[in-house]
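Close look at the chain arrangement
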Amino acid sequence: MLLEICVFNTATAVAAEKAGADRLELCENYANGGTTPSYGYLKTVREKIQIPVFPMIRPRGGDYFHTADEIEIIRKDILLCKELGFEGVVFGLLNQDGTIDRDNTARLVEAAYPLEVTFHRAFDRCQRPLEALETIIACGCNRILTSGQEPKVTEGLALVKQLVDQADGRIIIMPGSGLNSSNVASIITTAGITEVHTSARIRVPSETQYRNDRIPEDFDIDFVDAAEIARIKAQF
């Protein structure tokens, strides 16, 4: 069983590795569902982290239909991740009608090789998920991150199991969203999966000493709950 932790800053990446994460998904902008990390963030994490790291490649928040210019940005960021020595990348592309963007996905998987490719939770926004599964397999992706097309994986577990059964080892189905130490054992047993994904996210207070009270802002920082990681791993 493999535990992937989603992280949104360098300090969290370091803490997650130390706490026992097996792999990291590297993102920025939690509030937007995750976007591509900056060059400085990528390079610093690559220098500090020894476990596999998969950066998210997503040029903006919002929907998952991308223009030709955005596809080119994704391709260039994938090539940068190859240059920096990452083990994989994470992206997901849909057409305007909610089907998988097969042509661009296949082309970007080819550009990423030999890096692994995770098709992210754009999958949870697609039409006809069982048909989409076959398209993603045909494109050469290595895994799909999914909550079973529900806000939380506990609500979408029936579809996750269907995907695992239909995939039959041809691609990894990795459940995420709402997965924690209290439900991970039942998710593993029910769906028969081999990898799980969570952020084990907590918020820590900012150490800044001055705030302009006329401009309300949330200065708290995303971090990882090391004890929660240990509790999850204890269920494996």
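Details of the structure are given in the entry above.
All figures in this text were calculated on a predicted structure; none of them were measured in a lab.

Focus: the sheet that holds strand E5 (residues 116–119)
Spatially, 4 strands are ordered E4-E5-E6-E7 in an open sheet, and the strand pairing comes out parallel. Here the strands that pair on one side only, and so sit at the sheet edges, are strand E4 (88–91) and strand E7 (172–175). Strand-to-strand twist in this sheet, taken as the mean axis angle between neighbours without regard to direction, amounts to 25°. Taken together, the 4 bridges between E4 and E5 define a ladder with parallel strand orientation. Residue pairing in the sheet places valine 90 in a bridge with threonine 118 of E5. Its contacts with the sheet place helix H4 (residues 102–112) against E4 and E5, and it is angled at close to 160° to E4. Docked against the sheet, helix H6 (residues 157–167) engages strand E6 (143–146) and E7, running at close to 165° with respect to E7.

Focus: the pattern of salt bridges
Within the structure shown, the criterion is met by 20 salt bridges. Between arginine 203 and aspartate 222 there is a salt bridge; the shortest N-O distance is 3.0 Å. In this pair, arginine 203 sits in strand E9 (residues 201–204) while aspartate 222 sits in strand E10 (residues 221–224), placing the two residues 19 residues apart along the sequence. A residue is classified by how much of its surface remains accessible, and arginine 203, at 34% relative accessible area, is partly exposed. By relative accessible area, which is 13% here, aspartate 222 ends up buried. One salt-bridge network, held together by shared partners, links Glu4, Arg23, Glu116, Arg143 and Glu195.

Re the sheet that holds strand E1 (residues 2–7)
Within the open sheet, the 4 strands sit side by side as E3-E2-E1-E8. Their pairing is parallel. Because the sheet does not close on itself, it has two edges, and the strands there are strand E3 (53–55) and strand E8 (195–198). Between one strand axis and the next, the sheet turns through 20° on average, direction left out of account. Direction of pairing for strand E2 (residues 23–26) relative to E3: parallel, over a ladder of 3 bridges. For leucine 26, the partnering residue across the bridge sits in E3 and is proline 55.

Some details on the nonpolar core
The tendency in soluble globular proteins is for nonpolar side chains to be buried side by side. Among the nonpolar cores identified, the biggest contains 64 residues, and Ile5, Leu24, Val89, Phe91, Phe119, Ile171 and Ile173 are the most heavily contacted of them. Residue contacts for valine 89: discarding those within four places in its chain leaves Phe54, Pro55, Ile57, Ile78, Cys81, Ala112, Leu115, Glu116, Val117 and Thr118.

Regarding the packing of helix H5 (residues 129–139) against H6
Here H5 crosses H6 at 40°, and the two axes come no closer than 10 Å. Judged by the inter-axis angle, H5 sits oblique to H6. The two elements H5 and H6 cross, and the hand of that crossing is right-handed. Taken together, the residues of H6 that come into contact with H5 (itself represented by Pro129, Leu130, Leu133 and Glu134) are Leu159, Gln162, Leu163, Gln166 and Ala167. Grouping the amino acids of the contact of H5 with H6 by side-chain chemistry returns 6 nonpolar, 2 polar and 1 charged.

Things to note about the packing of aromatic side chains
Here a ring pair, both rings aromatic, is described through the centre-centre distance and the interplanar angle of the planes. Counted according to the given criterion, the structure contains 1 aromatic pair. Ring geometry for phenylalanine 8 and tyrosine 30: centres 5.2 Å apart, planes at 85°, overall edge-to-face. Placement of the pair is phenylalanine 8 in the loop between E1 and helix H1 (10–19) and tyrosine 30 in the loop between E2 and helix H2 (39–48), with a sequence separation of 22 residues. On the accessibility criterion, phenylalanine 8 (14% relative accessible area) is buried. Over the ring of phenylalanine 54 we find arginine 23, and its NZ or CZ is 4.8 Å from the ring centre. For the cation-ring pair, arginine 201 lies above tyrosine 30, with the distance from its terminal atom to the ring centre recorded as 3.6 Å.

Brief notes about the side chain of histidine 66
As for its placement among the helices and strands, histidine 66 is situated in the loop between E3 and helix H3 (68–84). Overall, histidine 66 belongs to the buried group, its relative accessible area being 6%. There is a polar contact of 3.1 Å between the side chain of histidine 66 and the side chain of glutamate 70. Here histidine 66 is in contact with Pro59, Arg60, Ile71, Ile74, Gly92 and Leu93, once residues within four sequence places are set aside.

Let's talk about H5
By the burial criterion, the buried members of H5 are Pro129, Ala132, Leu133, Thr135, Ile136, Ile137 and Cys139. Among the structural elements, H4, E5, E6, H6 and E7 are those in contact with the buried residues of H5.

The rules we used
- Residues numbered from 1 in each chain as written.
- Predicted model: local features only at pLDDT ≥ 70, side-chain atom pairs only at ≥ 80, totals over all residues.
- Heavy atoms only, no water.
- Pairing = 2+ DSSP bridges.
- Helix = DSSP H or I, 4+ residues; strand = E, 2+ residues; numbered from the N terminus.
- Axes fitted to C-alpha atoms, helices over the stretch in contact; angles between N-to-C directions.
- Contact = heavy atoms within 4.5 Å.
- Salt bridge = Lys/Arg side-chain N within 4 Å of Asp/Glu carboxyl O.
- Buried < 20%, exposed > 50% of the residue type's maximum accessible area, 1.4 Å probe, protein only.
- Core = buried A, V, L, I, M, F, W, Y, C linked by side-chain atoms within 4.5 Å.
- Parallel < 35°, antiparallel > 145°, perpendicular 65-115°, else oblique.
- Left-handed = near helix turned anticlockwise from the far one by under 90°.
- Nonpolar A, V, L, I, M, F, W, Y, C, P; charged D, E, K, R; others polar.
- Phe/Tyr/Trp six-rings, centres within 6.5 Å; stacked < 30°, edge-to-face > 60°.
- Lys NZ or Arg CZ within 6 Å of the ring centre and 35° of its normal.
- Polar contact = N/O pair within 3.5 Å; in protein donor to acceptor, adjacent residues only side chain to side chain.

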